[in-house]
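Topology and contacts: notes
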Amino acid sequence: MEILQFEFIRNSLIAAVLVNVACGIVGSYIVIKRITFISGGISHTAFGGVGLGHLLGINPVLTALPFSVLAGILIGILSKKTKVNEDTAIGMLWVVGMALGIIFINLTAGYAPDLFGYLFGSILTVTPFDLYMMLCLNLVIILMTVLFFREFLFICFDEEFSTVVGVPATILYFALLCLISLSVVILIRVVGVILVIGLLTIPAVISRGFTHNIKKLMLLSIVIGISLTVGGLFLSYMVDLACGPTIILVLGGAFLVSLLFRRIKVLREGHVPKES
């Protein structure tokens with residue numbers, strides 16, 4: 001408990017709660033709709049915004065935000081309005097965003113910034129400004145989810161049927177991509193652009209093994225995400241390892257344990273589970 005005397009530790013714990021609120025909500029939609037790699041594509045494209053922030057001399061999170069939203073919209077346009085496959089669109093934006101980030105950083109005058117924190121996260125360096133940004137983006141995500149909860153659920157399970165019954169599926173799909181983009185921006189400071197997929201999806205995947213009720217899934221994902229993120233944070237502090245990768249490894253270990261738990265439960269009940 002002595003380490004709680006440090007302000008950066010307290011900020012890190014608050015950040016762990018805030019990021020997992022977003023991840024629990026948006027990650028549940030991602031897992032149900034099976035669009036995991038979209039979050040990876042958006043996060044890597046957002047690296048272009050990080051580089052632009054360094055070039056302009058402003059907080060990179062502020063420039064990563066429009067880059068992330070633009071990436072989500074472009075993925076939607078390329079996959080819905082053209083004949084380009086979704087995975088192809090993600091791959092193109094993925095590499096273009098990373099290339100732009102590197103170019104912008106090369107053009108930055110003076111000493112090149114340390115990019116390790118943005119690539120792999122640095123939760124211990126989260127500032128009060130970052131926390132306010134996370135809180136504001138969380139409020140937007142929560143508001144959008146409350147207003148369009150059933151509609152998002154419809155398009156996640158059956159987008160074509162949603163269109164037939166009068167749900168504006170295309171518009172809501174773009175809105176969902178924007179929510180993913182906001183979540184990515186929240187996560188950049190914690191686990192970095194490379195490890196975003198882990199925190200967005202692993203808690204939701206673990207939770208889906210225990211419930212198929214979407215509200216319970218979101219709540220359980222938030223609780224599991226916070227617990228494992230805080231656990232990874234303290235583990236990294238104790239063994240002096242990088243925070244972002246340590247948190248992801250803790251999440252991965254918890255996923256394996258959950259699989260083992262489910263297998264033992266199945267053997268005891270004497271039946272084979274259906275594929276989720």
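Residues numbered from 1 in each chain as written. Predicted model: local features only at pLDDT ≥ 70, side-chain atom pairs only at ≥ 80, totals over all residues. Heavy atoms only, no water.

1. A closer look at the overall build of the protein
- Looking only at helices and strands, one finds twelve helices and zero strands in the protein.
- When the helices and strands of the protein are read in sequence order from the N terminus, they spell out α-α-α-α-α-α-α-α-α-α-α-α.
- Computed over its C-alpha atoms, the radius of gyration of the protein comes to 19 Å, within 12% of the 19 Å expected for a compact globule of 276 residues.
- If you line up the protein on its principal axes, its C-alpha atoms span 60 × 50 × 30 Å. (Helix = DSSP H or I, 4+ residues; strand = E, 2+ residues; numbered from the N terminus. Rg over C-alpha atoms; globule rule 2.2 N^0.38 Å.)

2. Side note on the packing of aromatic side chains
- Counted according to the given criterion, the structure contains four aromatic pairs.
- In textbook terms, an aromatic cluster arises when at least three aromatic residues are bridged by ring pairs, as seen for Y29, F148 and F152.
- Looking at K215, its charged tip hangs above the ring of F149, at a distance of 5.5 Å from the centre. (Phe/Tyr/Trp six-rings, centres within 6.5 Å; stacked < 30°, edge-to-face > 60°. Lys NZ or Arg CZ within 6 Å of the ring centre and 35° of its normal.)

3. Focus on the side chain of S12
- Examined against the element boundaries, S12 turns out to sit in helix α1 (residues 7-33).
- By relative accessible area, S12 is classed as buried at 0%.
- Apart from residues no more than four positions distant in its own chain, S12 is found in contact with I123, L124 and L233. (Buried < 20%, exposed > 50% of the residue type's maximum accessible area, 1.4 Å probe, protein only. Contact = heavy atoms within 4.5 Å.)

4. Considerations on helix α6 (residues 128-147)
- Given a rise of 1.5 Å per residue, 20 residues ought to cover 28 Å, and the 29 Å separating the end C-alpha atoms of α6 matches this to within 8%.
- Along α6, the positions that sit buried rather than exposed are D130, L131, M133, M134, L137, N138, I141 and T145. The arc enclosing the buried residues of α6, seen along the axis, measures out at 155°, which places them on a common side. Among the exposed residues of α6, those oriented more than 90 degrees off its buried face are Y132, L139, L143, V146 and L147.
- For α6, the elements touching its buried residues are α1, α3 (60-80), α7 (149-157), α9 (169-191) and α11 (214-239). (Expected span 1.5 Å × (residues − 1). Arc of directions from axis to C-beta.)

5. A closer look at a nonpolar patch on the surface
- A grouping of F6, F8, L235, Y237, M238, V239 and L241 is seen on the molecular surface, where their side chains present a nonpolar patch of about 650 Å² in accessible area.
- The greatest single-element share of the nonpolar patch, amounting to four residues, is contributed by α11.
- Note that F6 resides in the segment before α1.
- Judged by its relative accessible area of 39%, F6 falls in the partly exposed class. (Patch = residues over 30% accessible without salt bridge, like charges linked within 9 Å, V, L, I, M, F, W, Y side chains within 5 Å. Areas by Shrake-Rupley, 256 points an atom, 1.4 Å probe, with all protein chains shown as cover. Salt bridge = Lys/Arg side-chain N within 4 Å of Asp/Glu carboxyl O.)

6. Here's the deal with the packing of α7 against α9
- In the contact formed by α7 and α9, the axes pass within 10 Å of each other and the chain directions differ by 100°. In this view, α7 runs roughly perpendicular relative to α9, as classed from their interaxial angle. Contacts between α7 and α9 pair E151, F152, I155 and C156 from the former with A169, L172, Y173, A175, L176 and L179 from the latter.
- For the contact of α7 with α9, the per-class residue count stands at nine nonpolar, no polar and one charged. (Axes fitted to C-alpha atoms, helices over the stretch in contact; angles between N-to-C directions. Parallel < 35°, antiparallel > 145°, perpendicular 65-115°, else oblique. Nonpolar A, V, L, I, M, F, W, Y, C, P; charged D, E, K, R; others polar.)

7. Re the nonpolar core
- Core analysis: the biggest nonpolar cluster contains 77 residues, and I38, M134 and I180 have the highest contact counts within it.
- Among the elements that take part in this core, α9 stands out by supplying 16 residues, more than any other.
- For I38, the contacting residues outside a window of four places in its chain are I75, E86, I90, Y173, L177 and I180. (Core = buried A, V, L, I, M, F, W, Y, C linked by side-chain atoms within 4.5 Å.)

8. A word on empty space enclosed by the protein
- Applying the stated criterion to the full structure yields one cavity of 30 Å³ or more.
- The volume enclosed by the largest cavity comes to roughly 40 Å³.
- Every residue lining the largest cavity is listed: V61, D130, M133, M134, L137, V185, I186 and R189.
- Elements with a contribution of two residues or more to the lining of the largest cavity: α6 and α9.
- A per-element tally of the lining of the largest cavity places α6 first, with four residues.
- Residues of the lining of the largest cavity, tallied by class, amount to six nonpolar, no polar and two charged. (1 Å grid on protein atoms, 1.4 Å probe; cavity = no way out; pocket = protein on both sides within 12 Å on 5 of 7 lines; lining within 4 Å. Points joined across faces, edges and corners; volume = space filled by probe spheres on them.)

9. Things to note about the state of the cysteines
- A full pass over the atoms with the stated rule returns zero disulfides.
- Of the cysteine sulfurs around C178, a residue in no disulfide, the closest is that of C156, at 14 Å.
- Since its relative accessible area comes to 23%, C178 is described here as partly exposed.
- For C243, which is in no disulfide, the shortest distance to another cysteine sulfur is to C23 and amounts to 16 Å. (Disulfide = S-S within 2.5 Å.)

10. Things to note about α3
- Taking 1.5 Å of rise per residue, 21 residues should cover 30 Å, and α3 covers 30 Å from first to last C-alpha, within 8% of that figure.
- The elements touched by buried residues of α3 are α2 (36-56), α4 (86-107), α5 (116-120), α6 and α9.

11. Regarding unusual backbone geometry
- A positive phi is found at R34, a non-glycine position, where the angle reads about 60°.
- In this fold, R34 is placed in the loop between α1 and α2.
- You can call R34 exposed: its relative accessible area is 63%.
- Phi at D240 takes a positive value of approximately 60°, unusual for a residue other than glycine.
- Relative to the elements of secondary structure, D240 occurs in the loop between α11 and α12 (243-269).
- Classification of D240 as exposed rests on a relative accessible area of 69%.

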